Amino acid sequence: MYSRFFVKTAVFFFTFGLAWITGQCPEYSVERQNSTEVSPEEDLQAVLGSVSPGTVVRLRNGVYSIYSNLQVTVDSITIRSKSGNRDSVILDGNPGGGSLDRMNFTPEVVAITASDVHLVDLTVRYARDHGIHIYPPANSQVSGCMLHNLHVYDCGQQLIKVNSTGNESSLFWVDSGIVEGCLIEFVDNSVMQDMGEYFYTGGIDVHGGLGWVIRWNHFRNIQREGRLMEHAVHFWSRSRGTVVENNRFEDVYRGIGFGMKQSADGLVREYKDGAGEDPYFDHLGGIIRNNTICNRSGIHLESGIEIWSAFGTRVFHNKVFSADDPFSSIEYRWVESIEILNNLVSQQIVERDGVKESNIGYNLPAAGADFFVDVQNADLHLADGGLSAVDGAIQLGDAGVDIDGEVREELPDIGADEYNGAGVIPALTCTRVNCIGRASSGYCCSLLGRRVKTPEKSPASGIRIRVSGKQGNKEVFSPLRP
Ligand SMILES: [Ca+2]
Ligand SMILES: [Ca+2]
């Protein structure tokens, strides 16, 4: 009987072809004791000011006109669409519906100065400055805010901004935030704040944040005309322990940045243990893993991942592809004790100045478009041109899961995708050499150097194995050889 073998093999290679990144975001599951509902014609600001902590505010479908910053000041509330469909509830900072000029927009659509506030399943658009701004009230820290399954787009400065009180004599910060499963993008990038030499505009910009997680998001079109602007994700001013994982970046000027400043210029976070003070570092620890960054032809990539003025940061299993030559795929400068391992990039990983005691290795540069399934659609799954990345990585204890949510195998692949046969027909090799006693068929088979379970009996012509992948089920075949 071959059936048991077929089932096991099919499970082993099975993958979902569509929704390969948003499908992995965990469900929102926080329970609150109380619940209330609001309609677009009601005064949402008044409702948010009157609820008690532990309330879910459910927004009925429609466009909510935000004439002045929607202030969230009550701890432990969830603001979410009743329907669960983020496209059906829109918080709109251009309530007059006038032309898309940032000077017509409300300064900030949502301003959060409370802890444990969750925004879930909503659209936020058209802020003059920041779409969502989280900052502490005058005299206390903020922590535990979550942005889950939002669509945030077209704001003048940063789409999501996190910073301190801004007051040196009473300085507090925002910790332990989560941004997950969101679509963060520019649909019309003419709203960006043009400073002449650059745009003061980016995706997520966090000063002095401790313990933030950015995962399973999709960042798109955070660029304009190849001109200098902010990152799609930037943590600095001595942010610490940031995790940026399993995100998909598509057409960005700068993808992910940890750190920037070389000295305590402006307000920077200080920690009780004195970390990063002498010498100065602008980001401490943290990990950037399993992200894909893809720029099409004509969209300049300045840098996919920039590590500047950082200590102990790890960059594992990312993929950076740009059709045109970037300044750098990944770059690092003014760093100490960082690790950049198992990354796959289309151009180069650039060491700049001031690098101490760092571990850079097992990366694969110069990966062409043929390495990937579909660069036009920013799908950086490995294709048959990229098999040199397969099994070429070093095992890491903190590698996370790949872009499909799959745990890596014993021989991990370089980049963000553990290859699973999707989209290609790998070569099957079956041999009796050194195999006696190891397979009941008398043959041992491997796909891409990976041992696969063999049938209990071999048919006379050869061994056939079914592989399930994005393009359906395929059979791979090896004639029997000695
Ligand atoms: Ca492997
Ligand atoms: Ca995979």
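So, how was this worked out
- Note on numbering: residues in each chain are counted from 1, in written sequence order.
- Chains carry letters from A onward and ligands carry numbers from 1 onward, assigned in written order.
- pLDDT decides what is reported in this predicted model: residues at 70 or higher carry local features, side-chain atom pairs at 80 or more are listed and counted, and totals for whole chains, interfaces and linings draw on all residues regardless.
- Helix and strand definitions follow DSSP, with helices as H or I runs of at least four residues and strands as E runs of at least two, each counted in order from the N terminus.
- Partly exposed residues are those falling between the two cut-offs: more than 12 but fewer than 20 other C-beta atoms within 10 Å of their own, whereas 20 or more means buried and 12 or fewer means exposed, with C-beta atoms placed from the backbone.
- For our purposes the nonpolar core covers buried Ala, Val, Leu, Ile, Met, Phe, Trp, Tyr and Cys residues that link as a set through C-beta atoms within 7 Å.
- Once C-beta atoms have been placed from the backbone, residue pairs whose C-beta atoms lie within 7 Å are recorded as contacts.
- Looking at any residue, its pLDDT shows the predictor's confidence there, from 0 to 100.
- Any two strands are treated as partners once DSSP identifies two or more bridges connecting them.
- All axes here are fitted lines through C-alpha atoms, helices being fitted over the stretch that makes contact, and every angle between N-to-C directions spans 0 to 180 degrees.

## Description of the overall build of the protein
Then step 1. The helix and strand tally for the protein stands at 2 helices and 46 strands.
Then step 2. Across the 482 residues of the protein, 50% fall into the buried class.

## Let's talk about the nonpolar core
Then step 1. Judged by nonpolar contacts, the single largest core of 108 residues is most densely connected at Leu 91, Val 110, Val 152 and Ile 307.
Then step 2. In this structure Leu 91 touches Tyr 64, Ile 66, Leu 70, Val 109, Val 110, Leu 122, Thr 123 and Val 124, once residues within four positions along its chain are discounted.

## A closer look at the confidence of the model for the protein
Then step 1. Here the protein shows a mean pLDDT of 89. Residues at 70 or above account for 83%.
Then step 2. A low-confidence stretch, residues 1–23 (pLDDT under 50), is modelled with 35 contacts involving residues beyond four sequence positions or located in other chains.

## Describing the pairing of strand β6 (residues 89–92)
Then step 1. Residues Val 89 and Leu 91 line one face of β6 and the alternating positions Ile 90 and Asp 92 line the opposite face, and both faces are buried.
Then step 2. One ladder, built from 4 bridges, connects strand β3 (residues 62–65) with β6; its direction is parallel. What sits directly across from Ser 65, in β6, is Asp 92.
Then step 3. As paired elements, β6 and strand β9 (residues 123–125) share 3 bridges and run parallel to each other. Residue pairing across strands places Ile 90 opposite Thr 123, the latter belonging to β9.

## A few points about the sheet that holds strand β20 (residues 218–222)
Then step 1. The 10 strands lie next to each other as β3-β6-β9-β13-β17-β20-β24-β28-β32-β36, forming an open sheet whose pairing is parallel. Because the sheet does not close on itself, it has two edges, and the strands there are β3 and β36 (344–345).

## Considerations on unusual backbone geometry
Then step 1. With omega at 5 degrees, the peptide bond leading from Asp 278 into Pro 279 counts as cis.
Then step 2. Along the chain, the position of Pro 279 falls in the loop between β25 (254–258) and β26 (283–284).
Then step 3. Non-glycine residue Glu 357 carries a positive phi angle of around 45 degrees.
Then step 4. Secondary-structure assignment places Glu 357 in the loop between β38 (355–356) and β39 (359–361).
Then step 5. Under the C-beta neighbour-count criterion, Glu 357 is labelled exposed, with 8 such atoms within 10 Å.
Then step 6. At Tyr 362, a residue that is not glycine, the phi angle is positive and equals roughly 55 degrees.
Then step 7. Note on placement: Tyr 362 falls in the loop between β39 and β40 (372–374).

## Concerning the sheet that holds strand β23 (residues 243–245)
Then step 1. The strand order across the open sheet built from 12 strands is β1-β2-β5-β8-β12-β16-β19-β23-β27-β31-β35-β39, with neighbouring strands paired in parallel fashion. The sheet is open, and its two borders are formed by β1 (34–38) and β39, each paired with just one other strand. Within this sheet the neighbouring strands show an average axis-to-axis angle of 10 degrees, counted without direction.
Then step 2. As defined by bridge partners, strand β8 (residues 118–120) adjoins strand β12 (residues 146–148) across 3 bridges and the pair is classed as parallel. Bridged to Leu 119 within β12 is Leu 147.

## With respect to the environment of Pro 279
Then step 1. The class for Pro 279 is partly exposed, based on 13 C-beta atoms found within 10 Å.
Then step 2. A C-alpha to C-alpha distance of 9.2 Å links Pro 279 and Gln 262, two positions 17 residues apart in sequence.

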